[in-house]
Amino acid sequence: MSALKRVQQWATFARIWHIYDATWQNPFESAALLKKYLMGLHKPIYHPLADCGDHVVVINCSEIALPGDEWKKRVYFHHTGYPGGASWTLAWELHKKNPTLILKKAIYHNMRGNLQRRYTMERLHLFPNESVPDEVMKNISNQIRQIRPVPKRLDHYTEDEVKEFPKLIDYPKDYIIR
Amino acid sequence: MSIFLRNVNVLSRQLLKTIHNPRTADIKHIKRWVAPTLKELKRRRDKIGPEPLRKRSEFLEWNYDAEIYAFGKRLGEEFDDEILRKSLIHRSYVIQQELKQEREETTTTTSAPTEIAKEDNSHLIEAGKEIIKNYLNKALQNQYPEEPAEALHKYLTADDMLSHVAKHLGLTDLILSEDFPVENSTLARTFEAVIGALNESSGLERAELFLKDFLLTQLSDKDIFDIWEPEKPYEYFIGIAKELGYKDVEPRLCNESATNTILANYQVGLYSNKKLIGLGYGETIENAKDTAALDAIQKIKLQNFNKKQALQ
């Protein structure tokens, strides 16, 4: 095999490291997106037996946004195996205990339960905030686009910016706001 | 011993024939003695060991004249019968025959001397070698620069390649030589002799077309870098870049991934005058640089050479 063919193979199966910012993103929609990168489904060479999945580094996991009243209504079930060992944890409780767990479980459940799933999960690196170790950061060479654009919250604007924002109408000067 | 062996073989073959093709209407079961008998026959066969390899010409129905006639016809070539026969007789075979005749003379004094071939194919081999060399030079020099052309020439005229072609043309059984099974070098020499014979029978043009059809086509589907590769590709390319008209060649790191792991991958592009001339990959930057140079050599040197030749 010539050197050219050898490196062609090397480059074809190169592992790419992606980064994804989970701020204000729906974890369940994100899971469907990230799964493709983890399993290598986005590659033309994909095959269930080909080890062609990529690494995904997710930052700001604690900033995820659940739709509707999911924080209050979504329940995570766990059973210790002993009688009376069942427990139900609400999403907001789980998020308080471990801010990366909701996203992790979402991605885990988005994949089919086969032998490959746990190895694929090994390629997922979750971080609750923006601080990522340097040795991980060095590997990254691609950013995955967020599903939804992150809007700027009103309280993040300065007072001047709010004041200078163009308005069509304004309250009359003698209007009393209760 | 050999008669015994043959008997065992014949017997077991007959037995197997009746067992494997039972006329279902007649035979409802297999007799109790069949299995132990077959087992015993198998045991005896195994004890004797495998049958020795035999020359095809030792078989009863071997017809050398027909084979010689069919050889040329099969390939669509007009061979002179005498010359083709001569091209298949090796020096070792002639010596063997002479020794055999001497031995016969000493044992039986009164029998008439058997006719033996006097002439062998050594001068046809020389002629064939020369034709192959000249033709390949002509064919390859038009297609490739000097160094790869030389490597390809060497690759095509190696014993391995010539014997491969000769074997698949069906020369193995036709060769008359001392060694059995026929060695690769003998096969290769015979191929050269056959080329010499074709040259004498139908002329140089046919011989060259024959080489084009059967020898040169062996390059089809093969990668040039499998056969020839510069030892230090980057330095080699820098050396020839100027004469190819590429100034200030510089390698640039285009992409990298997983640099902190053992699966690191780098993509290096060779640029000249802000234009990409070669792209390479590798597990280190040095490796990627070398493969980028190989890519550039393939794209510029080898392909441009073809185009230039086509224009002329």
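Located above this text is the structure these notes cover.
On a predicted model such as this, the values are computed, not experimentally measured, just so you know. (Residues numbered from 1 in each chain as written. Chains lettered and ligands numbered in written order. Predicted model: local features only at pLDDT ≥ 70, side-chain atom pairs only at ≥ 80, totals over all residues. Heavy atoms only, no water.)

### A short note on the overall build of chain A
Here comes step 1: In terms of regular secondary structure, chain A is built from eight helices and six strands.
Here comes step 2: When the helices and strands of chain A are read in sequence order from the N terminus, they spell out α-β-α-β-α-β-β-α-α-α-β-α-β-α.
Here comes step 3: The C-alpha radius of gyration computed for chain A amounts to 22 Å, which surpasses the reference 16 Å derived for 178 residues by more than 25%, pointing to a less compact arrangement than a globule.
Here comes step 4: Principal-axis analysis of the C-alpha atoms gives chain A an extent of 85 × 55 × 30 Å.
Here comes step 5: A sequence separation of at least 24 residues applies to 69% of the contacts in chain A between residues at least 6 apart.
Here comes step 6: Of the charged side chains in chain A, 26 are positive and 19 negative; the average position of the first set lies 11 Å away from that of the second. (Helix = DSSP H or I, 4+ residues; strand = E, 2+ residues; numbered from the N terminus. Rg over C-alpha atoms; globule rule 2.2 N^0.38 Å. Contact = heavy atoms within 4.5 Å. Lys, Arg positive; Asp, Glu negative; His and termini not counted. Charge placed at Lys NZ, Arg CZ, Asp CG, Glu CD.)

### Structural notes on the interface of chain A and chain B
Here comes step 1: Every contact between the two is made by 17 residues of chain A and, on the other side, 22 residues of chain B.
Here comes step 2: At the boundary of chain A with chain B, total buried surface from both sides reaches about 1600 Å², with 57% on carbon and sulfur atoms.
Here comes step 3: For the pair chain A and chain B, the interface holds two salt bridges.
Here comes step 4: K5(A) is the partner of D226(B) in a salt bridge, and the nearest nitrogen-oxygen pair spans 2.9 Å.
Here comes step 5: When residues of the side of chain A that touches chain B are assigned to their parent elements, the largest contribution, seven residues, is made by helix α1 (residues 3–12) of chain A.
Here comes step 6: When its residues are assigned to classes, the side of chain A that touches chain B shows nine nonpolar, three polar and five charged. (Buried area = accessible area lost by both parts, 1.4 Å probe. Salt bridge = Lys/Arg side-chain N within 4 Å of Asp/Glu carboxyl O. Nonpolar A, V, L, I, M, F, W, Y, C, P; charged D, E, K, R; others polar.)

### Thoughts on a negative patch on the surface
All names here are of chain A.
Here comes step 1: On the surface, E159, D160, E161 and E164 cluster together into a negatively charged patch.
Here comes step 2: With respect to the secondary-structure elements, D160 resides in helix α8 (residues 159–164).
Here comes step 3: Overall, D160 belongs to the exposed group, its relative accessible area being 52%. (Patch = residues over 30% accessible without salt bridge, like charges linked within 9 Å, V, L, I, M, F, W, Y side chains within 5 Å. Areas by Shrake-Rupley, 256 points an atom, 1.4 Å probe, with all protein chains shown as cover. Buried < 20%, exposed > 50% of the residue type's maximum accessible area, 1.4 Å probe, protein only.)

### Brief notes about a nonpolar patch on the surface
All names here are of chain A.
Here comes step 1: A cluster of nonpolar residues, V75, F77 and W88, forms a patch on the protein surface that exposes about 350 Å² of accessible area.
Here comes step 2: Looking at where V75 falls in the secondary structure, it is placed in strand β3 (residues 75–79).
Here comes step 3: A residue is classified by how much of its surface remains accessible, and V75, at 41% relative accessible area, is partly exposed.

### So, helix α9 (residues 184–202) of chain B
All names here are of chain B.
Here comes step 1: Over its 19 residues, α9 runs 27 Å from end to end, which matches the ideal 27 Å to within 8%, given 1.5 Å per residue.
Here comes step 2: Considered for burial, the residues of α9 that qualify are T186, L187, A188, T190, F191, E192, A193, V194, I195, G196, A197 and L198.
Here comes step 3: Those residues of α9 that are buried are in contact with α3 (64–75), α4 (81–87), α6 (122–143), α8 (159–168) and α10 (204–214).
Here comes step 4: One or two residues past the end of α9 sits G203, with phi positive at roughly 100°. (Expected span 1.5 Å × (residues − 1).)

### So, the pairing of strand β3 (residues 275–282) of chain B
For a regular strand, side-chain orientation follows a simple rule: the groups alternate between the two sheet faces.
Residues and elements named next belong to chain B.
Here comes step 1: Sheet analysis places strand β2 (residues 265–272) next to β3, joined by seven bridges and oriented antiparallel. Bridge assignment links G269 to a residue of β3, and that residue is L279.
Here comes step 2: Counted between consecutive antiparallel strands, the loop separating β2 from β3 contains two residues, among which N273 sits at a positive phi close to 55°. (Pairing = 2+ DSSP bridges.)

### Examining the packing of helix α7 (residues 146–157) of chain B against α8(B)
All names here are of chain B.
Here comes step 1: Where α7 meets α8, the axes come as close as 4 Å, and the angle between the chain directions of the two elements is 50°. Regarding the angle of α7 to α8, the classification is oblique. Note on element contacts: α8 touches α7 through D159, M161 and L162, opposite Y155, L156 and T157.
Here comes step 2: Among the residues making up the contact of α7 with α8, the classes are represented as four nonpolar, one polar and one charged. (Axes fitted to C-alpha atoms, helices over the stretch in contact; angles between N-to-C directions. Parallel < 35°, antiparallel > 145°, perpendicular 65-115°, else oblique.)

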